[in-house]
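Descriptive analysis of the structure
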Amino acid sequence: MEDNITKLSKLFCEVFETSTKPLIVRSPGRVNIIGEHTDYNDGFVLPAAIDKAAYMAVALRDDDEIHLQAHDLNETFSTSVTDLKPVGDVSWPNYILGAAAQFPKKNIPLKGFNAILTSDVPIGAGLSSSAAVECAAIHALNELLQTGLDKIEMVLMAQKAEHEYAGVMCGVMDQFASVMGKQHHVIKLDCRSLEYEYVPFNLDGICVLLLNTNVKHSLASSEYNTRRQECEQAVAWIKEQYPAVNSLRDVTEAMLDECVLPKSTLVDKRSRFIVQEIERLQKGCEDLMRGDTHALGKKMFNTHDGLSRMYAVSCKELDYLVDFARNNPAVIGARMMGGGFGGCTINLVKEDAVEALIKSIQPAYEAAMRLPLTYYAASIENGTTIIR
Ligand code: GLA
């Protein structure tokens, strides 16, 4: 890794014809053990930062210009501090520009800068490659502008970057995990208060295996925003009877029976999943603390079934992988992960059975779905760091 960092620094000096060494920031992707689509419903999540990360080399300029390069894509983009706005379709400059735009909004004067981005977080795999870039950019600018923002402020700014420049009304989980991750721990995050607790994640002999469907669903962001609205609709109906209710976190299944089910079976299904998932996470977290991996694994399968049948954010490829895993006794738990409609499944697998699982699932998936199956064994690492 050290070698790659030196290379990135050298590349920066060549590309921007400067001898000033850039600041280098690493910000990771994330996994989430359980608690999906609960973050924007004021519930809990259980994510962790992983060993795949975005790296940014950044230095300020003497003028107002912003020059960006995505090294892996061999693409460049230029604009100026006085002309910050989202560009075209969702694409990589938006994550950096969206991050930069948060500074003037806080009355922090922004300066021109040069940046090179490289990342080994697979794009569209549900591992939060975009949050990794947003968090890297915010940290770099915070350091270079000597703003002294605290980490939670930076998390919230990165989330806003996603809302305003990528158009996805995401919750806070991805950016929080990327910034606050801690090696060998998952974060039990209360998305309402932003209180959090690190829970040790050392499951002896068990590996966190990510299986990538390689499906990139174009509906992902529009459907995501629709789910959010459906949840808000449920809350609005319940609030008519129970004015103290502000989010699905405050809701019971009895309230859904009374106020939502008679009005819409669809909204009922969506919101019931969330109410159950918030509860499931609490119990799953207790399982983890007790070291009862099998109980946690069972809940992961239940989460998948809910995401697929009630919340309707799965797809046939994700379902195929989870069903295959379900029939393998070496897989303790499996489910789709992240926003949905493609990306990865997360699997807790006995370490000594990983190879055999890949050997059987890969050809079966590729034959049935006509798509490649890629896989990663994720390790849990620290959140955003300034490397040098
Ligand atoms: C995406 C969003 C997160 C979260 C997950 C689903 O990753 O960015 O905020 O809502 O989907 O749990």
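Report on the accompanying structure.

Thresholds applied
Residues numbered from 1 in each chain as written. Predicted model: local features only at pLDDT ≥ 70, side-chain atom pairs only at ≥ 80, totals over all residues. Heavy atoms only, no water. Near = heavy atom within 4 Å. Polar contact = N/O pair within 3.5 Å; in protein donor to acceptor, adjacent residues only side chain to side chain. Areas by Shrake-Rupley, 256 points an atom, 1.4 Å probe, with all protein chains shown as cover. Nonpolar A, V, L, I, M, F, W, Y, C, P; charged D, E, K, R; others polar. Buried < 20%, exposed > 50% of the residue type's maximum accessible area, 1.4 Å probe, protein only. Helix = DSSP H or I, 4+ residues; strand = E, 2+ residues; numbered from the N terminus. Pairing = 2+ DSSP bridges. Axes fitted to C-alpha atoms, helices over the stretch in contact; angles between N-to-C directions. Contact = heavy atoms within 4.5 Å.

Looking at the ligand, the residues that line it are Arg30, Glu36, His37, Asp39, Tyr40, Cys170, Gly171, Met173, Asp174, Tyr224, Gly338 and Gly339. Here an oxygen atom of the ligand sits 2.9 Å away from a polar atom, N or O, in the main chain of Gly171. In the complex, the protein chains occlude 91% of the 310 Å² of accessible area that the ligand would expose alone. Along the lines of polarity and charge, the residues of the shell around the ligand split into four nonpolar, four polar and four charged.

Most of strand β4 (residues 65-70) is tucked away, with five of its six residues classed as buried. In this sheet, strand β5 (residues 75-80) lies alongside β4 in antiparallel orientation, the contact comprising six bridges. Counted as the bridge partner of Ile66 is Thr79 from β5. A loop of four residues connects β4 with β5, the two strands running antiparallel in sequence, and Asn74 in this loop sits at a positive phi of about 55 degrees.

It is worth spelling out the sheet that holds strand β11 (residues 344-350) at this point. Two modes of strand pairing occur in sheets, parallel and antiparallel, and in both the strands are linked by backbone hydrogen bonds. Across the sheet, four strands lie side by side as β10-β11-β9-β12; this open sheet has antiparallel pairing. Looking along the sheet, the strands with just one partner apiece sit at the ends: β10 (331-336) and β12 (374-378). With direction set aside, neighbouring strand axes in the sheet form an average angle of 20 degrees. Two strands pair when backbone bridges link them, and strand β9 (residues 206-212) and β11 are joined in this way by seven bridges, in the antiparallel orientation. What sits directly across from Leu209, in β11, is Asn347.

To continue, consider the sheet that holds strand β7 (residues 185-190). If you walk across this open sheet you meet the three strands as β2-β7-β8, and the pairing is antiparallel. Either end of the sheet is taken by a strand with one partner, and the two such strands are β2 (44-45) and β8 (196-200). In this structure, β7 lies alongside β8, joined through five bridges in antiparallel fashion. Each bridged residue has a counterpart across the sheet, and for His185 the counterpart in β8 is Pro200. Across the sheet, helix α5 (residues 173-180) is in contact with β2, β7 and β8; its angle to β7 comes to roughly 135 degrees. Across the sheet, helix α8 (residues 265-290) lies against β2, β7 and β8, angled at about 45 degrees from β8, the strand it touches most.

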